[in-house]
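These are the residues of each chain, in order.
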Amino acid sequence: MMEAIAEKQTTVDSKSNVRDEPVIDQDMTGAQTVGVPFADNPKMSMRNVNVHYADKQAIFDVSLDIGKNEVVAMIGPSGCGKSTFLRCLNRMNDTIDICRIDGSLQLEGQDIYDPKLDVVPLRARVGMVFQKPNPFPKSIYDNVAYGPRIHGLAMRRTELDEIVETSLQKAGLWNEVKDRLHAPGTGLSGGQQQRLCIARTIAVSPEVILMDEPCSALDPIATAKIEELIAELSENYTIAIVTHSMQQAARVSNRTAYFHMGKLIEVNDTEKVFTNPDHELTEAYITGRFG
Ligand SMILES: Nc1ncnc2c1ncn2[C@@H]1O[C@H](COP(=O)(O)OP(=O)(O)OP(=O)(O)O)[C@@H](O)[C@H]1O
Ligand SMILES: [Mg+2]
C-alpha cells in the first residue's frame with residue numbers, strides 16, 4: 001500500500017553498531033514521507049503535489065489522503081507550507097497570481113484542478129475557516145444565509161430560516177444569538193465570530209472543512225468550544241486542520257501530518273506522532289528542539 005515508506009534516517013556507528021543521536025537533515029535532501037499518508041476510504045487524495053510561488057518552491061512532492069469523516073491535523077514550523085498545502089485543497093491559491101500547483105488533487109476521485117470545474121461549487125463542497133474570524137459586515141442572519149442564497153439552496157424564507165438556525169445550532173452559537181439575529185456579526189466576541197464563520201461554512205452543507213489555525217486568535221475558553229465543535233462536526237464532515245498547538249492536534253485529530261520545509265515528513269495516527277514518532281524530525285519538533 002505504501003511505496004513511500006523511507007528508512008529511518010539514523011546513523012549507525014559501524015564498529016559498535018550503536019545508534020548515534022539522530023542526524024537532523026536540515027536541508028532535507030532526499031527526505032520522503034514515513035508512516036501512513038494514505039487512507040482506505042479517502043475523501044480527498046493528493047499525489048505528488050508541488051507548489052511554487054514564482055521561482056520559489058513551497059511544497060515538494062507531497063502525497064496525502066484525507067479519509068472520510070477523518071480529522072487530519074497538519075503541524076510543523078512556521079513557513080513549512082501548511083497553509084499553502086491546505087489552500088490547495090479548495091483552490092484558494094488560485095487567487096495568488098504567482099502561485100503554481102502541480103500534481104494530482106482529487107475530491108472523491110474528481111480532479112479539482114480540472115479546467116472545466118467551477119470553483120464556486122467546489123468551495124461549497126470544500127469550505128474553509130480562516131485564522132482570523134472574518135464575518136461579513138452584515139447581520140448574523142445574513143452571514144449564515146449568504147452561502148445558501150448564492151448557491152440557491154432555499155426556495156422559501158422558511159427554508160432559509162431553518163438552514164440559518166440549524167447551522168448556528170451545529171456551530172454551538174444558536175442560544176447565544178437567537179434573540180439578536182439581525183444585529184451585526186462583527187459585534188460578536190472573537191470566539192463567537194469564529195463560530196459564526198463555522199456556521200457560515202456549514203450552511204452550504206460542505207463535505208470537507210479546512211481550518212487554518214482556527215483558534216489562534218481565541219482565548220482558552222473559546223478555543224475549548226471550537227475544539228468541542230470540531231469533535232462533533234467530525235461525525236458528519238471530513239476535516240483538515242492546521243494548528244500550531246500540539247495539544248490541540250492531539251485533542252482533535254485522528255491522524256497528524258508533520259511538514260518541514262515544504263516536505264511532508266511523517267503522517268501517522270495522532271497518538272503515535274506524539275508518543276513514538278517514526279521520524280527524527282518529527283521527534284525534534286514535538287520535543288521542542290525547533291519550530
Ligand atoms: N502569497 C505568497 N507569495 C509568496 N510566497 C508565499 C506566499 N504565501 C506563502 N509563501 C511562502 O511559502 C512558504 C510556505 O508558507 P505558508 O504560509 O504555507 O507556511 P505555514 O506553514 O502556513 O506557516 P505559518 O505557520 O507561519 O502560518 C513560505 O516560505 C512563505 O514565505
Ligand atoms: Mg500558515
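One structure accompanies this document, and this report is about it. Because the structure is a prediction, the values reported are computed rather than measured.

Details of the site of ligand 1
Thought 1: Around ligand 1, the surrounding shell consists of Tyr53, Ala58, Gly76, Ser78, Gly79, Cys80, Gly81, Lys82, Ser83, Thr84 and Ile96.
Thought 2: The element that contributes the greatest number of residues to the shell around ligand 1 is helix α1 (residues 82-88), accounting for three residues.

A word on the sheet that holds strand β2 (residues 42-53)
In sheet architecture, strand pairing relies on hydrogen bonds along the backbone and comes in two forms, parallel and antiparallel.
Thought 1: On the basis of which strands lie adjacent, the open sheet formed by four strands has the order β3-β2-β5-β6 and antiparallel pairing. In this open sheet, the two edge strands, each paired with only one partner strand, are β3 (56-67) and β6 (110-111).
Thought 2: Sheet analysis places strand β5 (residues 99-107) next to β6, joined by two bridges and oriented antiparallel. Along β6, the bridge assignment pairs Gln106 with Asp111.

Here we look at the sheet that holds strand β10 (residues 255-260)
Thought 1: Strand order across the open sheet formed by seven strands is β1-β11-β10-β4-β9-β8-β7, with mixed pairing between neighbours. Each edge of the open sheet carries a strand with a single partner, namely β1 (34-35) and β7 (126-129).
Thought 2: Two elements, strand β4 (residues 71-75) and strand β9 (residues 238-242), share four bridges in a ladder whose sense is parallel. Residue pairing across strands places Met74 opposite Val242, the latter belonging to β9.
Thought 3: Strand contacts of helix α6 (residues 190-202): β7 and β8 (208-212), with the helix running at about 170° to β7, the strand carrying the most contacts.

Re unusual backbone geometry
Thought 1: Look at Asn48: it is not a glycine, yet its phi comes out positive at around 50°.
Thought 2: Of note, Asn48 is situated in strand β2.
Thought 3: Here Ser205, not a glycine, exhibits a phi torsion of approximately 50°, which is positive.
Thought 4: Considering the arrangement of structural elements, one finds Ser205 in the loop between α6 and β8.

Brief notes about the pairing of strand β11 (residues 263-269)
Thought 1: Here β11 lies mainly inside the structure; six of its seven residues are buried.
Thought 2: In terms of strand pairing, β1 meets β11 through two bridges, oriented parallel. For Val34, the partnering residue across the bridge sits in β11 and is Glu266.
Thought 3: Summarising the sheet, β10 and β11 pair through six bridges and their orientation is antiparallel. Each bridged residue has a counterpart across the sheet, and for Phe259 the counterpart in β11 is Leu264.
Thought 4: Between β10 and β11, which pair antiparallel in sequence order, lie two residues; one of them, Met261, sits at a positive phi of approximately 45°.

Here's the deal with the packing of helix α3 (residues 140-150) against helix α4 (residues 157-170)
Thought 1: Contact geometry of α3 with α4 gives a least axis separation of 9 Å together with a crossing angle of 115°. Classed by the angle they form, the pair α3 and α4 counts as roughly perpendicular. As α3 runs across α4, the sense of the crossing is right-handed. Within the contact between the two elements, α3 uses Tyr141, Val144, Ala145 and Pro148 and α4 uses Leu160, Ile163, Val164, Ser167 and Leu168.

Details of the packing of α3 against α6
Thought 1: Contact geometry for α3 and α6: axes closest at 7 Å, N-to-C directions at 30°. Here α3 is positioned roughly parallel relative to α6, judged by the angle of their axes. Crossing angle aside, the handedness with which α3 passes α6 is right-handed. Residues Ile140, Asn143, Val144, Tyr146 and Gly147 of α3 form the contact with α6, whose participating residues are Leu196, Ala199 and Arg200.
Thought 2: Among the residues forming the contact of α3 with α6, the class breakdown is five nonpolar, two polar and one charged.

The rules behind the values
Residues numbered from 1 in each chain as written. Chains lettered and ligands numbered in written order. Predicted model: local features only at pLDDT ≥ 70, side-chain atom pairs only at ≥ 80, totals over all residues. Near = placed C-beta within 6 Å. Helix = DSSP H or I, 4+ residues; strand = E, 2+ residues; numbered from the N terminus. Pairing = 2+ DSSP bridges. Contact = placed C-beta atoms within 7 Å. Axes fitted to C-alpha atoms, helices over the stretch in contact; angles between N-to-C directions. Buried ≥ 20, exposed ≤ 12 C-beta atoms within 10 Å, placed from the backbone. Parallel < 35°, antiparallel > 145°, perpendicular 65-115°, else oblique. Left-handed = near helix turned anticlockwise from the far one by under 90°. Nonpolar A, V, L, I, M, F, W, Y, C, P; charged D, E, K, R; others polar.

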